[in-house]
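Commentary on secondary and tertiary structure
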Amino acid sequence: MSAREEEPHAASDAVDLTRTFQALANGDRLALLRALLLQDVEDGPARSIAGLAAQTELSRFSASRHLSILHDAGVVVFGGVGTGSCTI
């Protein structure tokens, strides 16, 4: 099968990968992910957006926007312990 005759799901997979890589190609989003990963390794509770913003020195608005992009890319999940919390 040639590249032009890709199966429909292959094109969808490429779009998903592109979205994921674009989401990860930002220093602020990587800092948020690092904070979430460290929390996960320490087996701590889900982090609030306000807590992540403070830890990464981002405004709550900026942290929320970046976390939304990571969520849309399937990298983080919202919910958990309280309103506005997220996990990786």
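Computed from a predicted model, the values in this text were never measured in an experiment.

This next bit is on the overall build of the protein chain. Counting its secondary structure elements, the protein chain contains four helices and three strands. Each helix and strand of the protein chain, placed in order from N terminus to C terminus, yields the pattern α-α-β-α-α-β-β. Out of the 88 residues belonging to the protein chain, those deemed buried represent 26%. In the protein chain, of all internal contacts separated by at least 6 residues, the share reaching a separation of at least 24 is 51%. Surface summary for the protein chain: the accessible area is close to 5800 Å², and the carbon and sulfur share equals 55%.

It is worth spelling out unusual backbone geometry at this point. Even without being a glycine, Glu57 presents a positive backbone phi close to 60°. With respect to the secondary-structure elements, Glu57 resides in the loop between helix H3 (49-56) and helix H4 (60-72). Assessed through its relative accessible area of 75%, Glu57 is described here as exposed.

Our next topic: the nonpolar core. Grouped together as the largest cluster of nonpolar side chains are 15 residues, with contacts concentrated most on Leu32, Leu52, Ala63, Leu67, Leu70, Val75 and Val76. Considering each element in turn, this core owes the most residues, four residues, to helix H2 (residues 27-41).

Two residues of an α-helix separated by three or four positions point the same way, owing to the 3.6 residues in each turn. For H4, built from 13 residues, the straight-helix expectation of 18 Å at 1.5 Å per residue is met to within 8% by its first-to-last C-alpha distance of 18 Å. Listing the buried residues of H4 in full gives Ser62, Ala63, His66, Leu67 and Leu70. Seen from one end, H4 has its buried residues packed into an arc of 125°, which puts them on one side. Facing away from the buried surface of H4 by more than 90 degrees, the exposed residues are Arg60, Phe61 and Asp72. Looking one or two residues past H4, Gly74 carries a phi angle of roughly 80°, positive in sign.

Parameters and conventions
Residues numbered from 1 in each chain as written. Predicted model: local features only at pLDDT ≥ 70, side-chain atom pairs only at ≥ 80, totals over all residues. Heavy atoms only, no water. Helix = DSSP H or I, 4+ residues; strand = E, 2+ residues; numbered from the N terminus. Buried < 20%, exposed > 50% of the residue type's maximum accessible area, 1.4 Å probe, protein only. Contact = heavy atoms within 4.5 Å. Areas by Shrake-Rupley, 256 points an atom, 1.4 Å probe, with all protein chains shown as cover. Core = buried A, V, L, I, M, F, W, Y, C linked by side-chain atoms within 4.5 Å. Expected span 1.5 Å × (residues − 1). Arc of directions from axis to C-beta.

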